[in-house]
Amino acid sequence: RIRARWTHLVPPGVPGGNGDMAAIAVADLAARLNVAADTIAVTAVEEQEWADGSLGCPAEGMMYTMVITPGFRIVLEVDGNPFTYHTDMGGLVVLCGKDGRPVP
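I will try to describe carefully the structure that is included in this document. (Residues numbered from 1 in each chain as written. Predicted model: local features only at pLDDT ≥ 70, side-chain atom pairs only at ≥ 80, totals over all residues. Heavy atoms only, no water.)

So, the overall build of the chain
Tallying secondary structure elements over the chain gives one helix and five strands in all. Of the regular secondary structure in the chain, the N- to C-terminal order runs β-α-β-β-β-β. Counting every position in the chain, which comprises 104 residues, the buried fraction comes to 34%. In the chain, the proportion of contacts linking residues at least 24 apart, taken out of those at least 6 apart, comes to 54%. As displayed, the chain offers around 6100 Å² of accessible surface, 56% of which is attributable to carbon and sulfur atoms. (Helix = DSSP H or I, 4+ residues; strand = E, 2+ residues; numbered from the N terminus. Buried < 20%, exposed > 50% of the residue type's maximum accessible area, 1.4 Å probe, protein only. Contact = heavy atoms within 4.5 Å. Areas by Shrake-Rupley, 256 points an atom, 1.4 Å probe, with all protein chains shown as cover.)

Some remarks on the pattern of salt bridges
Throughout the structure, instances matching the rule amount to two salt bridges. Measuring nitrogen to oxygen at the nearest pair gives 2.6 Å for the salt bridge that ties Asp 28 to Arg 32. Note that Asp 28 and Arg 32 are positioned in helix α1 (residues 18-33) at a spacing of four residues, about one turn of the helix. The exposure class of Asp 28 is partly exposed, given its relative accessible area of 24%. On the basis of relative accessible area, Arg 32 is assigned to the partly exposed category, the value being 36%. (Salt bridge = Lys/Arg side-chain N within 4 Å of Asp/Glu carboxyl O.)

Considerations on the side chain of Asp 88
Summarising the element assignment, Asp 88 is placed in strand β4 (residues 81-88). Buried Asp 88, no salt bridge; nearest opposite-charge side chain is Arg 32, N-O distance 14 Å. In this structure the side chain of Asp 88 is engaged in a polar contact, spanning 3.2 Å, whose partner is the backbone nitrogen of Gly 91. Reaching out from Asp 88, the side chain makes a polar contact with the backbone nitrogen of Leu 92 at a distance of 2.9 Å. The contacts of Asp 88, once residues within four sequence positions are left out, are Met 21, Leu 55, Thr 69, Pro 70 and Gly 71. (Lys, Arg positive; Asp, Glu negative; His and termini not counted. Polar contact = N/O pair within 3.5 Å; in protein donor to acceptor, adjacent residues only side chain to side chain.)

Looking at the pairing of β4
With eight bridges connecting them, strand β3 (residues 69-78) and β4 associate as antiparallel partners. Considered in β4, the bridge of Phe 72 is made with Thr 87. The hairpin formed by β3 and β4 contains two residues between the paired strands, and Asp 79 there has a positive phi angle of roughly 50 degrees. Pairing of β4 with strand β5 (residues 93-96), which is carried by four bridges, proceeds in the antiparallel orientation. Opposite Tyr 85, over in β5, you have Leu 95 as the bridge partner. Two successive antiparallel strands, β4 and β5, enclose a turn made up of four residues, where Gly 91 displays a positive phi of approximately 110 degrees. (Pairing = 2+ DSSP bridges.)

Given below as structure tokens:
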């Protein structure tokens with residue numbers, strides 16, 4: 001079960017909706033931290049228009065498409081520690097580190 005406070009709601013099951021993106025982010029973080037998904041709180045989901053294909057989290061030395069990319073900024077929390085994901089609308093989720101770079 002995911003606890004959530006949505007800032008913008010898309011009906012469940014709508015492809016690319018924030019519920020889908022949050023579920024993908026939760027699954028990714030659960031696997032990275034080797035924790036149960038129900039221990040992860042979704043604390044924020046904000047609709048975004050990223051300036052380019054990096055989704056606001058560019059990897060050093062990479063080139064990205066220069067097109068406005070709609071998606072979400074999702075903040076998850078585990079044991080009081082925040083984790084920020086940036087997404088597009090097609091299922092791409094990127095864990096963005098505090099330095100603004102993707103976490104491998």
